[in-house]
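# Structure at a glance
Okay, here's what each chain looks like letter by letter:
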Amino acid sequence: MVEITSYFLYLLTTIYIGIVSSFLVGWFRIKKPYPLKKTGFSTKVSIIITARNEEQKIEACILDILAQEYPNHLMEVLVMDDHSNDRTANVAESIQDDRVKVTRLYDQKLLVAYKKRAITEAIKKSTGDLIITTDADCRMNKFWLASIVSEYEQGDFKFISGPVAYFDKSNFFQKLQTAEFFYLIGIGASCLGNKIPGNCNGANIAYEKAVFNEVGGYKGIDDIASGDDELLLHKIMAIYPKQITFLKSKEAVVQTDAKETWAEFLAQRRRWASKATRYQSKYLMAIALGIFVVSLALLVAIPIALFLPELWYTILICFAIKIPFDMFFGGIIGVFMGKAKFIPYGLLVIPIHPIYYILVGILAQSKQYEWKGRMVK
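Calculation criteria
- Residues numbered from 1 in each chain as written.
- Predicted model: local features only at pLDDT ≥ 70, side-chain atom pairs only at ≥ 80, totals over all residues.
- Heavy atoms only, no water.
- Helix = DSSP H or I, 4+ residues; strand = E, 2+ residues; numbered from the N terminus.
- Rg over C-alpha atoms; globule rule 2.2 N^0.38 Å.
- Buried < 20%, exposed > 50% of the residue type's maximum accessible area, 1.4 Å probe, protein only.
- Areas by Shrake-Rupley, 256 points an atom, 1.4 Å probe, with all protein chains shown as cover.
- Lys, Arg positive; Asp, Glu negative; His and termini not counted.
- Charge placed at Lys NZ, Arg CZ, Asp CG, Glu CD.
- Pairing = 2+ DSSP bridges.
- Axes fitted to C-alpha atoms, helices over the stretch in contact; angles between N-to-C directions.
- Parallel < 35°, antiparallel > 145°, perpendicular 65-115°, else oblique.
- Contact = heavy atoms within 4.5 Å.
- Nonpolar A, V, L, I, M, F, W, Y, C, P; charged D, E, K, R; others polar.

All right, on to the overall build of the protein chain then. Scanning the protein chain from N- to C-terminus turns up 12 helices and 12 strands. Computed over C-alpha atoms, the radius of gyration of the protein chain comes to 21 Å, within 12% of the 21 Å expected from 2.2 N^0.38 for 377 residues, which places it in the range of a compact globule. Reported as C-alpha extents along the three principal axes, the dimensions of the protein chain are approximately 70 × 45 × 40 Å. Within the protein chain, buried positions represent 58% of all 377 residues. In the structure as shown, the protein chain presents an accessible area of about 17000 Å², 60% of it carried by carbon and sulfur atoms. For the protein chain, the separation between the mean place of its 44 positive charges and that of its 37 negative charges on side chains is 3 Å.

Next comes the structure, spelled out in structure tokens:
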């Protein structure tokens, strides 16, 4: 029994190392960004912020965007107030700048995909050729927009996925999230490096308005609340597989807040995981399944080892092989993000990751969940 179980765990660990190795290959395949332009831009951009109950943070986000080193006449900021019950829209409207346009959404009936509907309405109102989406709680440096458009104009891309990081926080739980988030961003970037449709983050993506309309917008994926980012990426990549990229530029990094509580964290990850059932890529599904099986096997092996002490040696060996690969991959992303000081927290995240990964996977099977005060599915 111990011998068979050990062989099985070693086999799964080998598969896992193969998966992580493919991520590393994908990351190094991503080309360096094109030179950052300071002048000579020609692209009109429409930056969309969908906001719900963000009165404390939206002003800073808008002001960061207005302060971008980019021609004023080539940008507009479309703020879509997603049925907020606080002063989010009032705060946005109080900013005196002609580039800022605020729309309050009023829907008489319950919707499934509120955010997708808000983005779709914003795109209808937009006058730019390049759509850029971000979130109301995000902050960015003054060359964020220039870095995105520089890549777009010089690289002829249809969809650009940008890097997202968490703010530096003193809360221990948020530090753990910062380290864990390295892997999520890194996996999405690496998949694009391998020309595979992976995950991206709607807090920092850009795509052509014409392409959004060409693929039918969110048609076919508008029956679930999440997926305004990566499911759209998958639709566009199916048509333009060679014109999708991850912007490997530190200037392009946007920062947002990690969650303060476990409940908020699990709700967020549950929402993100809910769209995995709509993935069309067999490669991506195989990766997700492989990580799930490895996580489940290591988790189940621990209580079994209580009755078969000889199995502890195998478990420790598997973790001893797995952890260096995880730390190396996460460390590369952490350095790129300018968050190297959070890399050591990965040593605490990795051992508990199997529990979290399985828990989120189970929670994601629920048809409905609460997000920002309303039930969605």
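Structure's up, so let's keep going.
To continue, consider the pairing of strand S4 (residues 130–135). The element S4 is extensively covered by neighbouring structure, given that six of its six residues are classed as buried. By the alternation rule, side chains of S4 split into Leu 130, Ile 132 and Thr 134 and Ile 131, Thr 133 and Asp 135, which are all buried. Judged from the six bridges that link them, strand S1 (residues 45–51) and S4 form a sheet pairing that is parallel. Across the sheet, Ile 47 pairs through a bridge with Ile 132, a residue of S4.

Further remarks concern the packing of helix H1 (residues 2–29) against helix H6 (residues 172–193). Remark: H1 packs on H6, axes separated minimally by 7 Å, with the N-to-C direction vectors making an angle of 70°. In terms of orientation, H1 lies roughly perpendicular with respect to H6. Seen from H1, the contacting residues are Phe 23, Gly 26, Trp 27 and Arg 29; seen from H6, they are Ile 187, Ala 189, Ser 190 and Gly 193. Residues of the contact of H1 with H6, tallied by class, amount to four nonpolar, three polar and one charged.

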